[in-house]
Structure formats: structure tokens, C-alpha cells
Amino acid sequence: MKIATMTCAVWILACLSAEPAFASSCEGLAALALKDTSITVSQLVPPGHFSAPGQPAGRGANPYANLPEFCRVAATLKPTSDSDIKVEVWLPANGWNGKFQAVGNGGWAGVISYSAMADAIRAGYASASTDTGHVGSRGTFALGHPEKLIDFGWRSEHEMTVTAKAVIQAFYGSAPRLSYWNGCSTGGRQGLKEAQKFPDDYDAIIAGAPANRTAISLWIAAAVLKDPASYIPPAKYPIIHQAAVAACDAHDGLKDGLIDDPTKCDFDPKVLLCKGADGPACLTVPQVEAAKKIYSPAFNPRTGQQLFSSLVPGTELAWGVQAQGPEPSANIYDQYRYVVFKDPKWDWKTFNFDSDVVRGDLPENLVMNATDPNMKPFFSHGGKLLLYHGWSDPNVPTLNTIKYYKSVVENMGGPANASNSVRLFLEPGMGHCSGGEGPNVFDKVGPLEQWVEQGKAPERLNASHSTDGKVDRTRPLCPYPQVAKYKGAGSIDEAANFVCRAP
């Protein structure tokens, strides 16, 4: 009798996990009982019928028109009395690849990342996203709500992951065989935090331009916005950029309009000093000093200690993100107004790069930062980390990611021990997560799949740049510290004519 019962149980489980039969209908997921979770939507969305909430009907082409049929589950999670975390889980109705891909956010989040979820389910993944526990793109929610700050910092992503895996299990009758995280900026930071705090949540993580909080926006604002004479009009950004490229482009042995490694660039904006009166093609003395500060790491004025990295030559075309004013970039300004000083009327001009940096770096103010170099628990079960960052990023200093990568490698005992677990790819001329003058479009998920599923670590990523929709340059991206070197023959716009070598 006992054997017969076991055989029946095994048979039932096999039937539940077989396709095309599902363990539950999409609508049936509404009755799924999960801790601290209320499912608000569980509906089957026909092919091409999804439109993002709040998206005006009939205005422009529908970016979701080519989505396959999928089960859409929306839920509200309340792990604390002050939590109100919205999540969505999307489940392909056909052709599920057996895997889960969670997607990250940008800035202060406050929205579901629908477009990234759409990319995931087009590729056959089940996917999930969260608004991180609040609505809106500003940091105002954090004032007086420490639990909501924790939700934003890390709890929402973990709770979303637990919920998504339960929904996937209930719908398909089997857990995902592999779970991947894919995010950039805040999404990159979220991925690192997941690996550091919940190392078993994911099998592999794509983390682009991790946006850990520093006072960089206040450093740049102090350089260019505090004194009106130091302000650099955006119309002058191109001339500074052209001068930087002219000074640094050929350092890698190839003049191609890109700065391959800005750390080897000795550009001094003083070459643009006006010979006489101020003009559109030169910089005044205060503007030269302001530009130098943008390129310089922040220093403590009392001790001379280096505090954090700033921007590098090659970022100038997008300096407006941090330097256009009239106030500092909102992401960091909100961090100090609503999290550090807890005063919506706090004036950034009073910021002290000695005592106020210490205050800003208190653990309770940096609950979101993901800088712990100990990734051994994540790597110990075969976890893979693919980091990437554009050298022309004007939002998040690329040097911060390099510093973090080096700390992880050192913690692992050196490159030989770390290379099969973590790799960093830097993109000359790429901006924040995408865009820019350099090749900036490249597949990250495919190489990660090969790394995890076939044991083939990425030796190069092929990137492309397009103008008016037409590809006009391809280039390999190499695992740091390697760089792409021209072979000496063939077009410099074709990746096949480059190899990855040590600098």
C-alpha cells in the first residue's frame, strides 16, 4: 500500500510538471496563499494585448505589441506594517525555458520595470519586477519611514524573489531550474545587494554601473554651482570633450575618437583657458578650476583624505546630468535631504566635506549600498557575477566599480581564484548603462547563460554602435584589465580586427 501511494505521488508530480499542462490556471493563482502577500491581478494576457498602467491608449506605437501570451500576476507585499511593496510576475503561457530572470530599477525606482520584463519573457523567461515599496521617482518617501527605506534598499528585491519563485512553482508545477538577476544603475546595485545579503536567491547576476550612494553630486555642485563665476554653460561641454579626446585618444595606439582608458589620460582643461575675454570656445580661470574639480576625486578639506571618485575625461558631453543646475542632481540631493539630514529644506550649499560626509556614511543612511567585497557565499554554490560599466558614465563614477571589482578579487585571493566567478567589462565611450559615442549595445544574457549552463566564461563581448539605426562600428569588450587592441590591419570599425590583451 505504501509503495502504491508513493508511486501515485511520483506520477502526479510528473504530470504536474509536464508541459503543456500547468499546475494551476492563471486565474487560479489569485487564490494562492503566500505570507504577507495579497494577489491583486492574475490574468492571462493575449499576444500583443498588454499596455503598461498609465500608458495613454492609441498614442504612438505600442512597445509591447509583439509580446507573446503570458500570465500576469500583480501583488502587494507587506513584510512590515509600513511596507507597501508592489511586484509583478510574468509567466509565458507557452515555451517557458524553465528559468527565471528578475529585472532591476533605476534611480529611486518607484515603478515596475515593464520594458525589461518584456525583454525577458520574449526570451522565454518567467520574470519579475518591483516598485521597491513606493510610487514616484523621488526620495521623499524615505522621510520618517525607515522601514520604507529598507524596503527600497534591499528588502523589496528579496521579498519579490521569494514571491516570484512561489508563483512560478504554483503555475508550472516546478521551480525555476536557474534564476538570474539583470539590472543596471540602481538595478546593478540591487543585484550586488542580493548576492551579498541573500547569496542563494540567484545563480548568476548581471550588474551594470552599480549606483551606490556617495556625495558625488554635491562635490560637482560645489565646483560649478556654488560660485556663479565657476558655472560652465552646457554649450561649452563639446569643446571640453573635444580637447580631452584630442589629448587622450591616441594613448592606446589607435586614434579612433574614443578614450580607451581615461586613467592613463593626463588632460588638463587649462589648455582651454581664454587668452582674453570669455568666449564660446574657451574657459575662464574659475571654469578651468571647476572642470579640474569635476575630474578630481573628492577630498576632505581638513585631513586631505580621498573620499570618493568623481568623473573621468570622456564624460563631458553629459556633464549636464550633474553640473547644469540650478541644484545638484536630484538622486543624491534627495539622499541628503530626506535620508541623511531628514529636512526637505536642507540647503546643499551648507554641506561640509568633512563632518557631513561622515554623517552621510553612517550605516543607517547607506542601507542601500552594496559594497561588501565578500562574495564567497554567492560564489560557493557556483554563482557568477558579470559586471559592466561605461567609461563615459556621467551619473555613476566608473572608478567606483573598478574599485569594487578589485576588492572582490582580492577577497577571493587574486585573479586566478576569482576569474571563474566574477568578470568586469568596461566600455570606452559608453554612457550610463547605454548610449554614447562608443559601441554600447551588447548581449549580456547570452554570455551569462553560456557561463552558467555550459561552463564557458566570457572572454569577450561584442558591442555595436549605431547611427540613425544603422550599425557603423563594432568592437570587442574585454574582461578587465584586458583591453581591445587593434591587430594592425582591416577596418577599425570591425570587431574582428581586434583582440583582447593585457594593457
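That block above? That's the structure.
In what follows, the accompanying structure is described. (Residues numbered from 1 in each chain as written. Predicted model: local features only at pLDDT ≥ 70, side-chain atom pairs only at ≥ 80, totals over all residues. Heavy atoms only, no water.)

It is worth spelling out the packing of helix α3 (residues 146-172) against helix α4 (residues 186-197) at this point. At a minimum axis distance of 10 Å, the contact between α3 and α4 shows a crossing angle of 75°. In terms of axis orientation, α3 runs roughly perpendicular to α4. The segment α3 lies against α4, with F152, G153, W154, E157, H158 and T161 engaging R189, Q190, K193, E194 and K197. Grouping the amino acids of the contact of α3 with α4 by side-chain chemistry returns 2 nonpolar, 4 polar and 5 charged. (Axes fitted to C-alpha atoms, helices over the stretch in contact; angles between N-to-C directions. Helix = DSSP H or I, 4+ residues; strand = E, 2+ residues; numbered from the N terminus. Parallel < 35°, antiparallel > 145°, perpendicular 65-115°, else oblique. Contact = heavy atoms within 4.5 Å. Nonpolar A, V, L, I, M, F, W, Y, C, P; charged D, E, K, R; others polar.)

Turning next to the packing of aromatic side chains. Counted by the stated rule, this structure contains 30 aromatic pairs. Through a chain of ring-to-ring contacts, the aromatic side chains of W219, Y333, Y336, F341, W346, F351 and F353 assemble into a single cluster. Positioned above the aromatic ring of F152, the side-chain terminus of R189 is 5.2 Å from the ring centre. Against the face of Y333 rests R337, its NZ or CZ located 3.7 Å from the ring centre. (Phe/Tyr/Trp six-rings, centres within 6.5 Å; stacked < 30°, edge-to-face > 60°. Lys NZ or Arg CZ within 6 Å of the ring centre and 35° of its normal.)

The strand order across the open sheet built from 3 strands is β12-β13-β14, with neighbouring strands paired in antiparallel fashion. For this open sheet the edge positions go to β12 (441-442) and β14 (470-477), each flanked by a neighbour on one side alone. With 7 bridges connecting them, strand β13 (residues 461-467) and β14 associate as antiparallel partners. Note on β14: the bridge partner recorded for N462 is P476. (Pairing = 2+ DSSP bridges.)

We now examine the state of the cysteines. Applying the stated criterion across every chain, the model contains 5 disulfides. Across the disulfide from C184 sits C433; the S-S distance is 2.0 Å. Since a negative S-S torsion denotes a left-handed disulfide, the C184-C433 link at about -100° is left-handed. Residue C184 is located in strand β6 (residues 178-184), and its partner C433 is located in the loop between β11 (422-427) and β12; the two are separated by 249 residues in the primary sequence. On the basis of relative accessibility, which here comes to 15%, the residue C184 falls in the buried class. In this model C248 forms its disulfide with C265; the gap between the sulfur atoms is 1.6 Å. Remark: C265 occurs in the loop between α6 (237-248) and α7 (285-295) and C248 occurs in helix α6; sequence separation between them is 17 residues. Each member of the pair, C248 as well as C265, carries the same accessibility label: buried. (Disulfide = S-S within 2.5 Å. Buried < 20%, exposed > 50% of the residue type's maximum accessible area, 1.4 Å probe, protein only.)

This part covers the pairing of strand β3 (residues 85-92). Among the 8 residues in β3, 7 count as buried, and that is most of the element. Here strand β2 (residues 70-77) pairs with β3 via 8 bridges, running antiparallel. Bridge pairing in β3 links R72 to W90. Bridge analysis of β3 against strand β5 (residues 126-130) gives 4 bridges, and the strand direction is antiparallel. By the bridge assignment, W90 is partnered in β5 with S127.

Note that all results are geometric; they support no functional claim without further evidence.
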